[in-house]
Amino acid sequence: MTVYFIGAGPGDPELITVKGQRLLRSCPVILYAGSLVPPAVLEGHRAERVVNTAELNLEQIVALLAEAHAQGQDVARVHSGDPSLYGAIGEQIRHLRALGIPYQIIPGVTATAACAALLGCELTLPDVSQTLILTRYASKTRMPAGESLGDLARHRASMAIHLGVGQLEKIVEELLPHYGADCPIAVIHRASWPDQAQVTGTLGDILPKARAKNFQRTALILVGRVLAADGFTDSSLYSATHAHLYRPD
């Protein structure tokens, strides 16, 4: 058997990958993070057992995986977004390795990608930013040395901040010295879900706008000049003056 860590995508059930959906519909056991994965993602499954792990602890989840292994049953372990980003799969994998249980990771569409799609923008633009930093705000999980928001903000690159909407005021305070008050920022709630919502502005005016929306959780913060850039240079990829392997002349 194999435990498949499947990225279900940001919420829209059509944004799960073809491979992820195929495995989800063929595995006899499904363990899914019900607090973040909508039930619609599970439609079409033929599993004998479906467990919402939102109320389970790590030991209980590992016990279920070990039970399926003993019975020779493949498991679809379904996480939101892409499981390699803030998916808490690392500790599960550590237990699986210790128990000799095979596993695979099936990538998924990230919340960051869904937010960029909703905003209708590219996060890496020539002359503006060619770097995207994915990070989170330090709360229960401390940040390693050199990874504080202020340290990362010195790069002034495009930034996606997870798990921080409740600390937006502190985040803005740390970003302002590096990005400037006129830097665009967006707060996106449940991107790609039916109730998705967003608020946009600058670091100088976003706080009252965000308070009016009263987003409490499940929101991503995007910061960077790319969110409102217009006068950037065209990339060389499609330039008529740029030759490459597939367009030598």
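Rules of the game
Residues numbered from 1 in each chain as written. Predicted model: local features only at pLDDT ≥ 70, side-chain atom pairs only at ≥ 80, totals over all residues. Heavy atoms only, no water. Axes fitted to C-alpha atoms, helices over the stretch in contact; angles between N-to-C directions. Helix = DSSP H or I, 4+ residues; strand = E, 2+ residues; numbered from the N terminus. Parallel < 35°, antiparallel > 145°, perpendicular 65-115°, else oblique. Left-handed = near helix turned anticlockwise from the far one by under 90°. Contact = heavy atoms within 4.5 Å. Nonpolar A, V, L, I, M, F, W, Y, C, P; charged D, E, K, R; others polar. Pairing = 2+ DSSP bridges. Core = buried A, V, L, I, M, F, W, Y, C linked by side-chain atoms within 4.5 Å. Buried < 20%, exposed > 50% of the residue type's maximum accessible area, 1.4 Å probe, protein only. Domains from an automatic or database assignment. Buried area = accessible area lost by both parts, 1.4 Å probe. Salt bridge = Lys/Arg side-chain N within 4 Å of Asp/Glu carboxyl O. Polar contact = N/O pair within 3.5 Å; in protein donor to acceptor, adjacent residues only side chain to side chain. UniProt positions renumbered as here; feature names shortened; annotations may be inferred.

### So, the packing of helix α6 (residues 168-179) against helix α7 (residues 206-213)
- Where α6 contacts α7, the axes come no closer than 10 Å and their chain directions differ by 160°. In terms of axis orientation, α6 runs roughly antiparallel to α7. In terms of crossing hand, the pair formed by α6 and α7 is right-handed. Residues L168, E169 and V172 of α6 touch α7, and the partners they reach there are I206, L207, A210 and R211.
- For the contact of α6 with α7, the per-class residue count stands at 5 nonpolar, no polar and 2 charged.

### Considering the sheet that holds strand β8 (residues 184-189)
- The mixed open sheet is built from 5 strands, whose spatial order is β6-β7-β10-β8-β9. Two strands lie at the open edges of the sheet, namely β6 (132-136) and β9 (197-202), each paired on one side alone. Direction aside, neighbouring strands of the sheet carry axes that sit 15° apart on average.
- Pairing between β8 and β9: 6 bridges, direction antiparallel. For P184, the partnering residue across the bridge sits in β9 and is T202.
- Each of β6, β7 (158-162), β8, β9 and β10 (219-223) is contacted by helix α4 (residues 111-119), which is oriented at about 65° to β10, the strand it contacts most.

### Considering the nonpolar core
- Counting 26 residues, the largest nonpolar core has M159, L175 and V187 as its most contacted members.
- Those elements giving two or more residues to this core turn out to be α5 (149-153), β7, α6, β8, α7 and β10.
- When residues of this core are assigned to their parent elements, the largest contribution, 5 residues, is made by α6.
- Aside from chain neighbours lying at most four places away, what touches V187 is V165, L168, A197, Q198, V199, I206, F215, A219, L220 and I221.
- Among the nonpolar cores identified, the runner-up in size contains 17 residues, and Y4, A8, V37 and V41 belong to it.

### Focus: the domain arrangement of the chain
- The domain architecture assigned to the chain consists of domain 1 (3-106) and domain 2 (111-227).
- The C-alpha centroid of domain 2 is placed 28 Å from the C-alpha centroid of domain 1.
- The interface is formed by 8 residues belonging to domain 1 together with 10 residues belonging to domain 2.
- Interface area for domain 1 against domain 2, summed over the two sides, is near 790 Å², with a carbon-plus-sulfur share of 68%.
- Considering only the surface of domain 1 that becomes buried against domain 2, P10, L36 and Y86 emerge as the three largest contributors, covering 62% of it.
- Seen at the junction of domain 1 and domain 2, the total is 0 salt bridges.
- Where domain 1 meets domain 2, there are 5 residue pairs in polar contact (both at pLDDT 80 or more).
- Per-class residue counts for the side of domain 1 that touches domain 2 are 6 nonpolar, 1 polar and 1 charged.

### Some thoughts on the pattern of salt bridges
- Across all of its chains, the model carries 5 salt bridges by this definition.
- Of the charged contacts, one joins D205 and K209 as a salt bridge, the two residues approaching to 3.6 Å between their closest N and O atoms.
- Exposure remark for D205: the relative accessible area of 29% places this residue in the partly exposed category.
- According to the relative accessible area criterion, K209 is partly exposed, its value standing at 36%.

### Looking at unusual backbone geometry
- Of note, the phi angle at Y86 is positive, near 50°, even though the residue is not glycine.
- Residue classification places Y86 among the partly exposed positions, given a relative accessible area of 39%.
- Within the chain, L163 stands out as a residue other than glycine whose phi angle is a positive 55°.
- Along the polypeptide, L163 turns up in the loop between β7 and α6.

### Side note on the UniProt feature "domain: Tetrapyrrole methylase" (unreviewed entry) in the chain
- Mapped onto this numbering, the UniProt entry annotates "domain: Tetrapyrrole methylase" (unreviewed entry) at residues 2-206.
- What you have in residues 2-206 is 28% helix and 21% strand, and the ends, taken at the C-alpha atoms, are 46 Å apart.

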